[in-house]
Structures are given as structure tokens and as C-alpha cells.
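Coordinate inspection notes
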Amino acid sequence: MRNNSIGVDISDTTIEVVELIVQGDDIKIKAAGSALLAPGIVENGRVKNPDLLASALHEVLASAHPNPISAGSIVFGLPESQMYTYVFDLGPYTEAERDDRIRKEAYTNIPLDERELTFSYSMLREDAGGARVLLVATSKEVFGEWLGFFERAGFAVTFFDVEILAAFRAIFKQHPSEPVCIVDIGAAFTVIAIFNSEGLQYIYSLKTAGNMMTAAIADAFGISEKEAEDRKISMGMLGQEGKLFSVLEKSFRPVIESIRTSLTGFHERFGQEPSEIILIGGGSKVNGLIPYVQAQFTQAVKEGKSFIQGDHVPLRYIEVVGLALRGLEREEDQKDPVMLSKNALSGAIPTVLAVHGEKRLEKKEEKMIPLEAVMATPHEIVTIRKF
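Report on the accompanying structure. This one's a predicted model, so the numbers in the text were calculated from it and none came from an experiment. (Residues numbered from 1 in each chain as written. Predicted model: local features only at pLDDT ≥ 70, side-chain atom pairs only at ≥ 80, totals over all residues. Heavy atoms only, no water.)

**Regarding the overall build of the protein**
- Tallying secondary structure elements over the protein gives 10 helices and 15 strands in all.
- The buried share among the 387 residues of the protein stands at 55%.
- Partitioning the contacts of the protein with sequence separation of at least 6, the portion at a separation of at least 24 is 67%.
- Looking at the protein as shown, the accessible area adds up to about 16500 Å², and 50% of this sits on carbon and sulfur atoms. (Helix = DSSP H or I, 4+ residues; strand = E, 2+ residues; numbered from the N terminus. Buried < 20%, exposed > 50% of the residue type's maximum accessible area, 1.4 Å probe, protein only. Contact = heavy atoms within 4.5 Å. Areas by Shrake-Rupley, 256 points an atom, 1.4 Å probe, with all protein chains shown as cover.)

Here's what the structure looks like:
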């Protein structure tokens, strides 16, 4: 295990950075920093103004608390809006044919031309009957864009990680014995992911998220989005009466229904129910949201907390802590698939965990995919595992 690691998380609106260090048997946060990004620097997970983004990133690192972070190598979380995640079962195979069969699954189920695709996989489980595979993918264009940005900005990326895997990693020091459901309520998307002792088994994404709730409040009350955001966070869903509660309850209802559908599908497939529902992401900070969600489900509902320094880690740092953890190369994290820069653009096949193809992303018309669909689709639309 390495002694220190730096995680970097960049969304359309924020940057978070964390440096972790290992002290004996403990992992601690050495420094952390965050900042808001002006509109137009990053849009839908794509770099639009690399110069301003590089300046902002260097500034966040330099102003990290309690000490500046000197970053040479980092772990970066590829934006969820540009990622595809696919969990599938593979029938009996020989070692010689495994890579080709997984490559065929990727080409068949990820809606990118095989020349456009770069992906990585890990085996969640292997036995005589076959395997369950976790595959993550993006386009070579997107991957190359971020790789080029970091190289020009003076950073070497050790791993390109997956944000929902990083969040789970930050919350659980070891895989839980019972399934858990993590609901990441971001600005543009809500991601519902169910993990068991083997790892990620199900993931679903929808566009009902923080920005949509804010817009609904602004429209209902005829106020600015800034004032609407303030009301959402400070007053939120406290109490069961009043116009504000009604607006938020209506806008959040698709998330509740999607959680319920996800839990039902998981139970039908695995014969188990998640023991708890964990809320993370900026949208989960709505006052009164946790009691409201708790009233809808029998599972315990709680806010996500990092196993590193618990309550002392603000919610916004959950994912970036998980990214930094991956850079420590702990044994328990080795099953998580990551993108490696030397392979993702070349089409090389890593010998241990990952397979990479080739790519070039073209825009496609967005469509909502039913839960029964076999095809894995981008997080900006919906990503599912068929039950």
C-alpha cells in the first residue's frame, strides 16, 4: 500500500481535492480544498475552457486546508454523465476466450461504435458456472480530452476512476455483509446504486436531481434560482404542509419511485433486500429530506459518512476521498475497474483487471430506456443491470 494519494473530482460546477496519508494503521486526510466553477468551464462532463479549468485546479490545490497540496500524480473520477456502467453474467468460458467474450459483450451492449469505445472490467465473482462482470466504459474522445487536459496542466493521472465506486469505497472500509443502496443526488443526475459483498450489482440514473428541484421552486414562487436554492437547503421538506413542501415532494417523487423499483428488482434477482439507504451528494442536503425518505421505506435511511474521520468529513468530499483511497492501492480496492491512460487510448489489453477498446463519440438522440432493457446506456440517460 502506498503512503499517500491525491484525489481530484471535477463536475460542471465544482472542484474538490483531497490528499490522504497513511499513519500506522490509520488513513487520515492531510489536506482538502474545494471551489465553485464558473459556468461554461465544464459542461456535461466535457472540458470547454481548459485554461480557466487548469488555473482553478491549481488555485484549489494551492489554497487547500490546512496545507497546500503539491500534486504530481492524482486519481481522477471521470464524470458520471460521460460514463457507461454495465453488470452482466458470463456463462462458462476458458481463460483464453474470456477477453474476447467480454469485449463482445461491451461492443453489443454499450451504444458506441466499437472503434469509439474504451472500457475496463473486473470480475465480481468467478466459479465453475461462469462469472459476474462489472464493466465501465467511456468514449476515447472524452477520455483523451481529460487525459490531455491533465497532461497540459502538469499532472500525471495514476487511475481514471468511477465516481459511484469511489463513493462506496469512502463509506465502507470493507464490503458490507448485507446489501446497501447508495443514492447520489447530484446537481444534474441522481444515481441509484446497489452493492453487496461482491461489489456493485445494480445502477440506475435519472435526471431528477438538485437543479430540477431548485428550478421547480423558482418557478412556483416566481423567485431567482439563488433564492430558490437557499429555500431548498434551509427550509426544504420540514413539515408536511405548505407550498414549498408540495413543490419539493412532487419534484422528488420520481426519485422515490426509482428507488422503490430498484429495490424490488434487486430482491427479485437476488432474494435479498438492502439493509439501508444511504443518501449522498449535494442534493441530499435538503433540510428534512432524510425523514421524508425514511417515511417511504422500511430500510434505515441515513446520510453517507466517510469511514475516514467520520463526521469531520463534509458530505461534498465523500467521492473525492474515495478517489484518493484508490490511489493508495489497498488490497480491498483491487477488484474495482479503473481506466489506465497507457491502455485506454492504445487499445491494449491489461493482463490483470481491464480490457480496453477504441473510440470516438458522436452525439445520439436521448431516449429513456425501460427497466427491462438489456442495453447499458450512458448515465446521462439511464444505466441499468437487467434483472
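The rest of the description comes next.
**Describing the nonpolar core**
- Ranked by size, the top nonpolar core spans 76 residues in total, and within it Ile-10, Leu-53, Phe-76, Trp-146 and Phe-150 carry the most contacts.
- With near-sequence residues (within four places) excluded, Ile-10 lies in contact with Ile-15, Leu-37, Val-42, Leu-53, Phe-76, Pro-79, Trp-146 and Phe-150. (Core = buried A, V, L, I, M, F, W, Y, C linked by side-chain atoms within 4.5 Å.)

**Regarding the pattern of salt bridges**
- Per the stated rule, a full pass over the model turns up 25 salt bridges.
- In this structure, the salt-bridge partner of Glu-95 is Arg-98, at a minimum N-O distance of 3.7 Å. In this pair, Glu-95 and Arg-98 both sit in helix H2 (residues 95–109), 3 residues apart, roughly one turn of the helix.
- Given the relative accessible area of 59%, Glu-95 is considered exposed.
- Look at Arg-98 and you get buried, because its relative accessible area is 9%.
- With a shortest N-O distance of 2.8 Å, Asp-333 and Arg-330 are connected by a salt bridge. Each of the two residues, Asp-333 as well as Arg-330, counts as buried. (Salt bridge = Lys/Arg side-chain N within 4 Å of Asp/Glu carboxyl O.)

**Some words on the sheet that holds strand S10 (residues 156–162)**
- Pairing is mixed in the open sheet, where 5 strands are placed in the order S3-S2-S1-S6-S10. The open sheet has two edge strands, strand S3 (26–36) and S10, and neither has a second partner. Ignoring which end each strand starts from, the neighbouring axes of this sheet average 25° apart.
- Looking at chain direction, strand S2 (residues 14–23) and S3 are connected through 10 bridges and run antiparallel. Pairing of Val-22 across the sheet is with Ile-27, part of S3.
- Taken strand by strand, helix H4 (residues 163–171) contacts strand S1 (4–10), strand S6 (73–78) and S10, and its axis lies near 85° from that of S10. (Pairing = 2+ DSSP bridges. Axes fitted to C-alpha atoms, helices over the stretch in contact; angles between N-to-C directions.)

**A short note on the sheet that holds strand S9 (residues 130–139)**
- Strands sit in the order S7-S9-S8 across an open sheet of 3 strands; the sheet is antiparallel. A single partner strand is all that each edge strand has here, and the edge strands are strand S7 (84–90) and strand S8 (117–127). Taking each pair of neighbouring strands and ignoring which way they run, the sheet shows an average axis angle of 20°.
- Direction of pairing for S7 relative to S9: antiparallel, over a ladder of 7 bridges. Across the sheet, residue Asp-89 finds its bridge partner in S9, namely Arg-132.
- Contacting S7, S8 and S9, H2 crosses the sheet at an angle of about 125° to S8.

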